[in-house]
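Below are the chains, spelled out letter by letter.
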Amino acid sequence: MSERFGLLIQRQLDTWFHQVMVPNLQQKYGDDVEVSVVILDPARVPDPSDPCSTGLYFVSVGDETRISAEEGLTDNVDHKLRFVLRTGLPSSEAALRPDLVEPGDFPWAGAGTYRDYTGGASGLKEESDWWVFCRVVDHVIHLRTDAALRPIQACKERRPGWKYLEGEVL
């Protein structure tokens, strides 16, 4: 579980995703909607042959497979990210730049870097994959910011034990 300053970000992300995003997606795509979203850990260098192995956050509905699944939606994200990591371009560019496509790529939109977070989504229409990824990143930024605000304030106030944003959860 991805803990940040004592808060379980993944758990909060899952709750938000299933209570807010999934109903919106079901309204648009029906109750059998399937989508997986992966956000890579910005603190780790991803393995270009297995990008999702450095995933920090995962959310999905319908396709409950994770990193180890073959041919699942998360695997699609992994193959989209191979192009992204190799070229530095969003996966949507693969169709426009076939000269850069390599065996194993999944040349569809839905993966790239948004607000300094790299990852992607798969399961919906191409433009919707990217839209969902961006909304999930926005929420992750919100959750991570909220988790860090109190420790940052404690550090500014020079509370004992918080010089380097370490200490007890407030």
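For every chain, the first residue of the written sequence is number 1, and numbering continues from 1 along that sequence. pLDDT decides what is reported in this predicted model: residues at 70 or higher carry local features, side-chain atom pairs at 80 or more are listed and counted, and totals for whole chains, interfaces and linings draw on all residues regardless. Only heavy atoms go into the side-chain values, all of them from the structure, while hydrogens and water stay out.

A. Structural view of the packing of helix H1 (residues 9-29) against helix H3 (residues 126-156). Note on method: axes are straight lines fitted to C-alpha atoms, helices fitted across the in-contact stretch only, with angles between N-to-C directions ranging 0 to 180 degrees. We count a stretch as a helix when DSSP gives it H or I for four or more residues in a row; a strand needs E for two or more, and each element gets its number in order from the N terminus. Two elements in contact, H1 and H3, have axes separated by 11 Å at closest approach and are oriented at 150°. In this view, H1 runs roughly antiparallel relative to H3, as classed from their interaxial angle. Here H1 and H3 pass one another in a crossing that is right-handed. When H1 is examined against H3, the residues Ile9, Gln12, Leu13, Trp16, Phe17, Met21, Leu25, Lys28 and Tyr29 are found in contact with a partner set consisting of Ser128, Trp131, Val132, Arg135, Val136, His139, Val140, Leu143, Arg144 and Ala147. Note that Gly is not counted as nonpolar here; it falls among the polar residues with everything else outside the nonpolar set of Ala, Val, Leu, Ile, Met, Phe, Trp, Tyr, Cys and Pro and the charged set of Asp, Glu, Lys and Arg. Of the residues contributing to the contact of H1 with H3, the split by class is 13 nonpolar, three polar and three charged. Any angle that is under 35 degrees is reported as roughly parallel, and any over 145 degrees as roughly antiparallel; angles of 65 to 115 degrees are reported as roughly perpendicular and all others as oblique. Working rule for handedness: look at the near helix, and if it is turned counterclockwise from the far one by less than a right angle, call the crossing left-handed; if clockwise, right-handed. Contacts are assigned to residue pairs with any non-hydrogen atoms lying within 4.5 Å of each other.

B. Spotlight on the nonpolar core. In this structure, Leu13, Phe17, Val35, Val37, Ile39, Val132 and Val136 are the most contacted members of the largest nonpolar core, which totals 27 residues. Those elements that place two or more of their residues in this core are H1, strand S3 (35-40), strand S4 (55-61), strand S6 (117-122) and H3. When near neighbours in sequence (up to four residues on either side) are disregarded, Phe17 contacts Val22, Val35, Val59, Ser60, Val61, Val132 and Val136. Residues belong to a common nonpolar core when they are buried Ala, Val, Leu, Ile, Met, Phe, Trp, Tyr or Cys residues joined through side-chain atoms within 4.5 Å. Relative accessibility decides the category of a residue: with a 1.4 Å probe and only protein chains considered, values under 20% of the type maximum give buried, values over 50% give exposed, and everything between is partly exposed. Counting eight residues, the second-largest nonpolar core is a separate cluster that includes Val38, Leu40, Val77 and Ala111.

C. Representation of the pattern of salt bridges in the model. We define a salt bridge as a side-chain nitrogen of Lys or Arg found within 4 Å of a carboxyl oxygen belonging to Asp or Glu. The full count for this structure, using the stated rule, is six salt bridges. Arg97 serves as the salt-bridge partner of Asp99, at 2.7 Å between the closest nitrogen and oxygen. Overall, the relative accessible area of 33% leaves Arg97 in the partly exposed class. Between Asp138 and Arg115 there is a salt bridge, and its shortest N-O distance comes to 2.9 Å. One end of the pair, Asp138, is in helix H3; the other, Arg115, is in the loop between strand S5 (111-114) and S6, with 23 residues separating them in the sequence. The exposure class of Asp138 is partly exposed, given its relative accessible area of 22%. Overall, the relative accessible area of 45% leaves Arg115 in the partly exposed class.

D. View of the side chain of Thr54. The residue Thr54 is located in the loop between S3 and S4 in this model. Accessibility expressed as a relative area gives 3% for Thr54, which makes it buried. Each residue touching Thr54, except ones within four places of it in the same chain, is listed here: Leu40, Asp41, Arg44, Val45, Pro46 and Asp47.

E. Region of interest: the packing of aromatic side chains. Only Phe, Tyr and Trp rings are paired, with Trp represented by its six-membered ring, and only when their centres lie within 6.5 Å; those with planes under 30 degrees apart are stacked, over 60 edge-to-face, the remainder tilted. In this structure the tally under the stated criterion is three aromatic pairs. Relative to Trp130, the ring of Tyr114 lies with its centre 6.4 Å away and its plane at 80°, an arrangement referred to as edge-to-face. One end of the pair, Tyr114, is in strand S5; the other, Trp130, is in helix H3, and 16 residues separate them in sequence. Seen in terms of ring centroids, Trp130 and Phe133 are 5.3 Å apart; in terms of plane orientation they differ by 35°. Their pairing is tilted. A residue pair is termed a helical-turn pair when its members lie 3 or 4 positions apart in one helix, as Trp130 and Phe133 do in helix H3 at three residues. Look at Trp130 and you get partly exposed, because its relative accessible area is 27%. When its relative accessible area of 0% is taken as the criterion, Phe133 is described as buried. Three or more aromatic residues joined by ring pairs make a cluster, and in this case those are Tyr114, Trp130 and Phe133.

F. Structural view of the pairing of S3. Extensive coverage of S3 is indicated by the burial of six of its six residues. Of the two faces of S3, both are covered, the one formed by Val35, Val37 and Ile39 as well as the one formed by Ser36, Val38 and Leu40. A strand pair is defined by DSSP finding two or more bridges across the two strands. As defined by bridge partners, S3 adjoins S4 across six bridges and the pair is classed as antiparallel. By the bridge assignment, Leu40 is partnered in S4 with Gly55. Bridging between S3 and S6 involves four bridges; their strand directions are antiparallel. Residue pairing across strands places Ile39 opposite Gly119, the latter belonging to S6.

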